[in-house]
Amino acid sequence: MAILEGINPATGEKLDSVEEIEIQAIPLLMEKGQQAFKSWSRLTTKERLHYLRNLKELMVRDIEKLAQVIADDTGKPPTESLVADIMPTLDAMVHIISHAEKTLQPKKVKTPLLLIGKKSYVEYMPRGLVLVISPWNYPLQLALVPVVSALVSGNTVILKPSEVTPLVGKSIEELFKHAGFPNDVVQVAHGGKEVGAHLTEAKPDYIFFTGSVRTGKIIQKVAAEHLIPTTLELGGKDPFIVFADANLKRAAKGAVWAAFTNSGQVCMSAERVFVERKIYNQFTELLKEETEKLVQGNDNTADIGSMTYKVQVDIVKRQVKDALDRGATLTCGIHPDKWSHPMFIKPTILTDIPKDAEIVQEETFGPILPLIPFDNEEEVIVFANDTEYGLNASVWTSDKMKARRVASQLISGAVVINDAIVSVANHHLPFGGTKHSGIGRYHGEEGLKIFCHEKAIVVDSGKRNKEIQWYPYEGKYEDFLQLFKSYFGKKKDWLHFMKRYLRLLKK
Ligand code: NAD
């Protein structure tokens, strides 16, 4: 049996380990999840929320332990685990606890007059067994939020956490066990790509995937083969746009945080900072000043931890080297040839970057801040949209109209004005990407409804013997013609409508 070793990337220290699931065990896992669905889906939302409350209370009780496991497994400072991984997860749970019953209850909707005598409803029916596949950068939030959303909506779940952060996966498994969820309602399948691929092929009823564009495309192909609906939350190359009239001090602090938080391993991090040319030099200086203050380490005194995944370090290194080889200037940071720690990358600012450099086009997912000047509003909108991605964006200006105007033209799942990233922390807002950044939305009401079949129900009392559109058609054409003219015409003629309707009913 293969073992996933938990190793602290910041220290190299060996931690705990987790047993990978055997591929042969996947059919049984599917069967158990399908069996458990039969009883779990019959519970009311209120009954299911009882388990979610237990889970939330357990997480609050063990919050420090959890923050440390995340920090050890990812190399981020515990403050970051707490603020950016645990807090949004708990907040999502609170939102679900207070909104799920209303969101998932059947809703009466209007019925048009042409369907006289009937009532219409929308019902939300759980889909079945949901597969959630999650990444390593926010290993708690990006696993738990979709998992609990699917569960509360009445589905059972198989979670495949990232193999890069196996100990967070293990903690999630233990949390569900201790929260008292019924057997097999949530099953955690530890493992890597192969396990993920086999689970996808095992035909779950829905796939919720968070990760890279490359894997997203593979999953979508398999899902298309079996017509499995999916949500794909993928990568980003987010623009951070600073106009000359912005509060530059705030914008500089904001840019440094948005580019370097979680060592830049954030799908919504500022990956391209566009600065209006007339303040470009001044803003560059402010950024340098702020960046040089940052402390790296893996305890609570640190601002920036290590990278989590060696493969990602190599990608970042390649992109920075490519940009420098092609004439970019290293305004802050260390040349990649001199990086001395295998997992810590010094926050880096690059300027004078060729427009077609990989670092301007491809997701970097590291603590690199590329600075690009622009001359006017129209130009920066073109620059910002000139990428295959479209996850989040931020616009910095004191001109409210300009901010809204620019925000409306950015092809992006979200735009934050005079701040960055925080849209993800408001569960009243939808979350998701455009273009290669993903398909679908979650969070809020939508985040529960995606895990349901939205079912249309029309009810007739059954008392009348027939309907006007039923057979026979003979002798009805003229009446229908007049009925529709009176109904769809510029001015509705209700008297005429009722006359024709009653005539049709008699035929
Ligand atoms: P990844 O695509 O390499 O892996 C994600 C998950 O998919 C892992 O659990 C992995 O084991 C699994 N996987 C890999 N190959 C698979 C396959 N063929 N079939 C099924 N499962 C497979 O991504 P990663 O490196 O873990 O995460 C980083 C990426 O995730 C970045 O691109 C980042 O932008 C993106 N991301 C997006 C969001 C978002 O909400 N949009 C959030 C966080 C991260």
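Whatever comes next refers back to the structure up there.
Here goes a summary of the coordinates provided. Keep in mind that what you see is a predicted model, and the values were worked out from it rather than measured. (Residues numbered from 1 in each chain as written. Predicted model: local features only at pLDDT ≥ 70, side-chain atom pairs only at ≥ 80, totals over all residues. Heavy atoms only, no water.)

A look at the overall build of the chain
Then, in step 1: Regarding its fold elements, the chain presents 17 helices and 18 strands.
Then, in step 2: The dimensions of the chain, computed from C-alpha atoms along their principal axes, are 90 × 60 × 40 Å.
Then, in step 3: Per-residue burial for the chain yields a buried fraction of 54% across its 507 residues.
Then, in step 4: A fraction of 72% describes how many contacts in the chain between residues 6 or more apart in sequence connect residues 24 or more apart.
Then, in step 5: Counting only carbon and sulfur atoms, one obtains 54% of the accessible surface of the chain, whose full area is about 23400 Å².
Then, in step 6: The average position of the 64 basic charges and that of the 63 acidic charges among the side chains of the chain differ by 11 Å. (Helix = DSSP H or I, 4+ residues; strand = E, 2+ residues; numbered from the N terminus. Buried < 20%, exposed > 50% of the residue type's maximum accessible area, 1.4 Å probe, protein only. Contact = heavy atoms within 4.5 Å. Areas by Shrake-Rupley, 256 points an atom, 1.4 Å probe, with all protein chains shown as cover. Lys, Arg positive; Asp, Glu negative; His and termini not counted. Charge placed at Lys NZ, Arg CZ, Asp CG, Glu CD.)

Some words on the packing of aromatic side chains
Then, in step 1: Inspection of every chain in the model, using the stated rule, returns 21 aromatic pairs.
Then, in step 2: Ring centres of W136 and F365 lie 5.5 Å apart, and the angle between their planes is 75°; on these two criteria the pair is classed as edge-to-face. Placement of W136 in the loop between β5 (129–133) and α5 (141–152) and of F365 in the loop between α12 (358–361) and β14 (368–374) is noted, with a sequence separation of 229 residues between them.
Then, in step 3: Exposure remark for W136: the relative accessible area of 9% places this residue in the buried category.
Then, in step 4: The ring of Y487 is capped by K492, whose NZ or CZ atom sits 5.0 Å from the centre of that ring. (Phe/Tyr/Trp six-rings, centres within 6.5 Å; stacked < 30°, edge-to-face > 60°. Lys NZ or Arg CZ within 6 Å of the ring centre and 35° of its normal.)

Brief notes about the pairing of strand β9 (residues 230–233)
Then, in step 1: Of the two faces of β9, the one carrying T230 and L232 and the one carrying T231 and E233 are both buried.
Then, in step 2: For strand β8 (residues 206–210) and β9, the ladder comprises four bridges, and the chain directions are parallel. Bridge pairing links F209 to L232 in β9.
Then, in step 3: Handedness of the crossover is the feature at issue here: the chain leaves β8, passes through helix α8 (residues 213–226), returns alongside β9, and the resulting connection is right-handed.
Then, in step 4: The sheet contact formed by β9 and strand β17 (residues 438–439) spans two bridges and is antiparallel. Directly across from E233, in β17, lies its bridge partner G438. (Pairing = 2+ DSSP bridges. Right-handed = clockwise from strand over helix to strand, strands pointing away.)

Description of the sheet that holds strand β3 (residues 107–109)
Then, in step 1: Taken in spatial order, the three strands of this open sheet run β3-β4-β18, and their pairing is antiparallel. This sheet does not close on itself; its edge strands, each paired only once, are β3 and β18 (452–460). Looking at each pair of strands side by side, their axes are set apart by 30° on average, direction ignored.
Then, in step 2: Here β3 pairs with strand β4 (residues 118–126) via three bridges, running antiparallel. Pairing of K108 across the sheet is with Y121, part of β4. (Axes fitted to C-alpha atoms, helices over the stretch in contact; angles between N-to-C directions.)

What to know about the pattern of salt bridges
Then, in step 1: For the structure shown, the criterion picks out 24 salt bridges.
Then, in step 2: As a salt-bridge pair, R318 and E358 come within 2.6 Å of each other at their nearest N and O atoms. Taken together, the residues R318 in helix α11 (residues 310–325) and E358 in helix α12 connect sequence positions 40 residues apart.
Then, in step 3: With relative accessibility at 23%, the residue E358 sits in the partly exposed group.
Then, in step 4: Notably, a salt bridge pairs D322 with R326, separated by 3.9 Å at the nearest N-O pair.
Then, in step 5: Taking relative accessible area as the criterion, D322 reaches 21% and is therefore assigned partly exposed. (Salt bridge = Lys/Arg side-chain N within 4 Å of Asp/Glu carboxyl O.)

Description of the sheet that holds β5
Then, in step 1: One open sheet accounts for six strands, arranged β7-β6-β5-β8-β9-β17; its pairing is mixed. The two strands at the open ends of the sheet, each matched to only one other strand, are β7 (186–188) and β17.
Then, in step 2: Here strand β6 (residues 156–160) pairs with β7 via three bridges, running parallel. From the neighbouring strand, L159 faces β7, where its bridge partner is V188.
Then, in step 3: Across the face of the sheet, helix α1 (residues 26–40) comes into contact with β5, β6 and β7 while running at roughly 145° to β6.

Digging into the site of the ligand
Then, in step 1: The ligand sits among 30 residues. The nearest are K160, E163, S212, L234 and E363.
Then, in step 2: At 2.7 Å from an oxygen atom of the ligand is found a side-chain nitrogen or oxygen belonging to K160.
Then, in step 3: E363 places a side-chain nitrogen or oxygen 2.5 Å from an oxygen atom of the ligand.
Then, in step 4: For the shell around the ligand, the elements supplying multiple residues, two or more each, are α7 (193–201), β8 and α8.
Then, in step 5: With four residues, α7 is the single largest residue contributor to the shell around the ligand. (Near = heavy atom within 4 Å. Polar contact = N/O pair within 3.5 Å; in protein donor to acceptor, adjacent residues only side chain to side chain.)

Topic: the side chain of N392
Then, in step 1: Residue placement: N392 occurs in strand β15 (residues 392–396).
Then, in step 2: With relative accessibility at 3%, the residue N392 sits in the buried group.
Then, in step 3: Separated by 3.0 Å, the side chains of N392 and S423 make a polar contact.
Then, in step 4: Not counting the four nearest positions on each side in its chain, N392 is found in contact with D238, P239, M268, S412, A414, V415, V416, I421 and S423.

Focus on the packing of helix α3 (residues 63–74) against helix α4 (residues 78–104)
Then, in step 1: At a minimum axis separation of 9 Å, α3 and α4 run at an interaxial angle of 115°. α4 is crossed by α3, and the crossing has right-handed handedness. Residues I63, L66, A67, Q68, I70 and A71 of α3 pack against P78, S81, L82, D85, I86 and L90 of α4.
Then, in step 2: For the contact of α3 with α4, the per-class residue count stands at nine nonpolar, two polar and one charged. (Left-handed = near helix turned anticlockwise from the far one by under 90°. Nonpolar A, V, L, I, M, F, W, Y, C, P; charged D, E, K, R; others polar.)

Don't take any of this as a statement about function, it's just geometry.
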